[in-house]
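Examination of the molecular architecture
Chain by chain, the residues run as shown.
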Amino acid sequence: MKRFWNIPNILTLLRFLAVPVYWIMFFTESTYIPALFVFITAIFTDVADGIIARKLNMVTKYGKVLDPLADKLIQVSALTTLVIAGRLMWLFSVIILVKELYLIVCGSILFKRKVVVCSSYIGKIATVVMCIGIILIMFDVTLEIGRYITAAGIGVSLISAVNYTIVTLRRFDGKIPSSDNQEEINIKY
């Protein structure tokens with residue numbers, strides 16, 4: 001547990017705490033700017049924790065699991081609030097929610113078997129595109145452009161989920177590994 005408390009993991013925990021703050025700001029302020037500030041800050045903490053973890057050799061197995069979970073939570077929150085506010089079609093939020101639940105369930109099963117599946121460049125590109133779209137949707141002048149960019153990000157995100165499944169199944173010849181692995185297996189999809 002001592003190794004858990006490092007700068008990247010603390011930044012990840014702050015991102016979890018940003019989720020309720022984002023929701024409160026989105027629905028209580030007269031503009032979306034405070035919520036947008038929280039969202040952008042969360043994005044920057046995601047970038048910062050990744051850079052710090054790799055450069056200072058602070059990567060932990062907890063961080064490998066919690067970091068993507070925090071990312072998914074803030075993205076799903078942003079999409080859901082935009083749907084509730086009528087700025088985005090509900091189908092977008094449902095697609096991402098189902099995809100993220102699928103990845104969380106699969107990742108949890110694999111994590112129990114000491115397999116950590118790390119995100120690929122496809123997933124990172126999807127996240128960047130979707131975040132740009134979300135930011136643009138919060139501004140009235142770029143609403144339509146933001147919707148198209150968000151749709152593109154969701155499309156890339158679905159491609160990433162399919163890639164995740166294919167790479168993982170190929171790695172284990174279509175069978176879920178047993179839970180008696182002696183060492184952690186990392187898969188880059």
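That block above? That's the structure.
Below is a summary of the structure that appears in this document. Quick caveat, the model's predicted, so the values are computed rather than measured.

Re the nonpolar core
- In terms of nonpolar packing, the biggest core is built from 25 residues, with Tyr22, Phe39, Leu82, Leu88, Ile134 and Met138 touching the most fellow members.
- At the level of elements, helix H1 (7-28), helix H2 (33-55), helix H3 (61-84), helix H4 (90-112), helix H5 (121-137) and helix H6 (143-171) are the ones that each hand at least two residues to this core.
- It is H3 that provides the largest number of residues to this core, a total of 6 residues.
- Counting residues in hydrophobic clusters, the runner-up holds 8 residues, among them Cys106, Ala161, Tyr164 and Phe172.

A word on the packing of aromatic side chains
- Enumeration according to the criterion identifies 5 aromatic pairs in this entry.
- Each ring, one from tryptophan 23 and one from phenylalanine 27, has its centre 5.9 Å from the other, and the planes form 35 degrees; the classification is tilted. A residue pair is termed a helical-turn pair when its members lie 3 or 4 positions apart in one helix, as tryptophan 23 and phenylalanine 27 do in helix H1 at 4 residues.
- Relative accessible area serves as the criterion here: at 29%, tryptophan 23 is assigned to the partly exposed category.
- Centre to centre, the rings of phenylalanine 26 and tyrosine 32 are 4.6 Å apart; their planes meet at 25 degrees, and the pair counts as stacked.
- Clustering of aromatic rings is evident, with ring pairs tying together Tyr22, Trp23, Phe26, Phe27, Tyr32 and Phe39.
- The ring centre of tyrosine 121 lies 5.7 Å from the NZ or CZ of lysine 124, which sits over that ring.

Re the packing of H3 against H5
- Their axes nearest at 11 Å, the elements H3 and H5 cross at an angle of 35 degrees. The handedness of the crossing between H3 and H5 is left-handed. Each of Gln75, Ala78, Leu79 and Leu82 in H3 lies in contact with H5, whose residues at this interface are Thr127, Met130, Cys131, Ile134 and Ile137.
- Residues belonging to the contact of H3 with H5 are distributed by class as follows: 7 nonpolar, 2 polar and no charged.

Definitions and limits used
- Residues numbered from 1 in each chain as written.
- Predicted model: local features only at pLDDT ≥ 70, side-chain atom pairs only at ≥ 80, totals over all residues.
- Heavy atoms only, no water.
- Core = buried A, V, L, I, M, F, W, Y, C linked by side-chain atoms within 4.5 Å.
- Buried < 20%, exposed > 50% of the residue type's maximum accessible area, 1.4 Å probe, protein only.
- Helix = DSSP H or I, 4+ residues; strand = E, 2+ residues; numbered from the N terminus.
- Phe/Tyr/Trp six-rings, centres within 6.5 Å; stacked < 30°, edge-to-face > 60°.
- Lys NZ or Arg CZ within 6 Å of the ring centre and 35° of its normal.
- Axes fitted to C-alpha atoms, helices over the stretch in contact; angles between N-to-C directions.
- Left-handed = near helix turned anticlockwise from the far one by under 90°.
- Contact = heavy atoms within 4.5 Å.
- Nonpolar A, V, L, I, M, F, W, Y, C, P; charged D, E, K, R; others polar.

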